[in-house]
Amino acid sequence: MMTEETSDVPKELIDSVRDALGRKIKIAVKKRIRLEIKGDKVENKVLVLASCRAFLLTARIPTKLEVSFSYLEIQSVSSCKPGQLTIDTEKYSFSMKMATSEDVNEVVAHIGTCLRKIVPGLSPLKVMKKVTMEPAERLTNLQALWESQTVTEPGPCGGFSQMYACVCDCLGFPYREEVQWDVDTIYLTQDTRELNLQDFSHLDHRDLIPIVAALEYNQWFTKLSTKDLKLSSDVCDQILKVVSRSSRLEELVLDNAGLRMDFAQKLANALSHNPSSALQVINLANNPLEDRERKKKRKRESILENCNFTLRNVAFRYSNTSAPNSITEVQFVTDCQSLLS
């Protein structure tokens, strides 16, 4: 029988946890918690932390896995009361009680340490998006801990393959070894900062989703490109998500990618939600982004009537006479009149 005063997990239950998760998963942190269900109702659970994922299991033998989440799914972390921890992910919200605030600190410290390894170059606080702890020195101490840790040199292309593996785990996609080989071998040899989706055109279109998603965190690649490769709506949605979050992507080239007519507006919306965007060049050439009525009204060179298309006042210039129905250049301007002069 576990006492209420400790977060320690008995050995018999730990053995059952290993059986439930599988021996391939290396358990780093394990805590007995009380999980809030509804209102004042709580249930005893076991929280297990591995290298890139957390697991919640029942607190009885034989134990059973109930839910898990990737550290990359975390949207916010808060601990404003002693022993209390709330973690919000894209799908769930977990409010749990531990024996002490030190237990909570250990859990958050481990997650942050893992994120430093998964996403070198980004602060764990940025990856977790919103972290609130009281008193404030708790978070200050955690930041100092993370900054003092020695991080091994990231792998090729800013550790892209490791990020890709974690993103596959996060999104539930199979890990493709040929992606790792291409990046760790060919891309490394070429020393390129451009990730070209045509290099992976032999894969199923859904396999492109985690490749693109990894760019949200990767600090090596500054350009995402493709030409004459039709992109599915799922892949386009992931590109938009990267645009809305990446502070590293500088150039986006989607030439003849079969983009839908609403992609330009969605792209503008994505940019408007990313004040840290480094995007400077957008090429959407040879995509039918206008409806027929607008094409009839459009001149050889035109600027969107509403210059506030994004927060950066994006103006589209149709300058490629060989492809008059396509957007061939996007310029970020502060004064739309400068394009009319």
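Before reading on, note that the structure itself is shown above.
Quantities reported herein were computed from a predicted structural model and do not represent experimental measurements.

Here is what the cut-offs are and how they apply
- Residues numbered from 1 in each chain as written.
- Predicted model: local features only at pLDDT ≥ 70, side-chain atom pairs only at ≥ 80, totals over all residues.
- Heavy atoms only, no water.
- Axes fitted to C-alpha atoms, helices over the stretch in contact; angles between N-to-C directions.
- Helix = DSSP H or I, 4+ residues; strand = E, 2+ residues; numbered from the N terminus.
- Parallel < 35°, antiparallel > 145°, perpendicular 65-115°, else oblique.
- Contact = heavy atoms within 4.5 Å.
- Nonpolar A, V, L, I, M, F, W, Y, C, P; charged D, E, K, R; others polar.
- Buried < 20%, exposed > 50% of the residue type's maximum accessible area, 1.4 Å probe, protein only.
- Pairing = 2+ DSSP bridges.

1. Description of the packing of helix 5 (residues 156-171) against helix 6 (residues 177-190)
Alright, step 1. Packing of helix 5 against helix 6 leaves a shortest axis separation of 9 Å and a crossing angle of 175 degrees. The angle between the axes of helix 5 and helix 6 places the two elements in the roughly antiparallel class. Seen from helix 5, the contacting residues are P156, C157, F160, S161 and Y164; seen from helix 6, they are V179, Q180, V183, D184, Y187 and L188.
Alright, step 2. A breakdown of the residues in the contact of helix 5 with helix 6 according to their chemical character gives eight nonpolar, two polar and one charged.

2. Things to note about unusual backbone geometry
Alright, step 1. P62 follows I61 through a cis peptide bond whose omega is -5 degrees.
Alright, step 2. Here the residue pair E134 and P135 is connected by a cis peptide bond, since its omega of -5 degrees sits within 30 degrees of zero.
Alright, step 3. Within the fold, P135 resides in the loop between strand 8 (131-133) and helix 4 (137-148).
Alright, step 4. Notably, D191 is not glycine yet its phi reads approximately 50 degrees, a positive angle.
Alright, step 5. Of note, D191 is situated in the loop between helix 6 and strand 9 (194-196).
Alright, step 6. Classification of D191 by relative accessible area gives exposed; the value is 53%.
Alright, step 7. Positive phi is not limited to glycine here, since D228 has a value of about 60 degrees.

3. With respect to the pairing of strand 1 (residues 29-36)
Alright, step 1. Relative to strand 2 (residues 42-49), strand 1 runs antiparallel, the two being bridged by eight bridges. Note on strand 2: the bridge partner recorded for R32 is V46.
Alright, step 2. As consecutive antiparallel partners, strand 1 and strand 2 are separated by five residues, and within that stretch G39 has a phi angle of approximately 60 degrees, a positive value.
Alright, step 3. In the sheet, strand 1 pairs with strand 7 (residues 93-97) via two bridges, with the strands oriented antiparallel. Within the sheet, the bridge partner assigned to L35 lies in strand 7 and is M96.

4. Concerning the sheet that holds strand 5 (residues 74-79)
Alright, step 1. Pairing within the open sheet is mixed, and its eight strands lie in the order 4-3-2-1-7-6-5-8. Two strands bound the open sheet, and with one partner strand each, they are strand 4 (65-70) and strand 8. Pairwise comparison of adjacent strand axes, ignoring direction, gives a mean angle of 25 degrees for this sheet.

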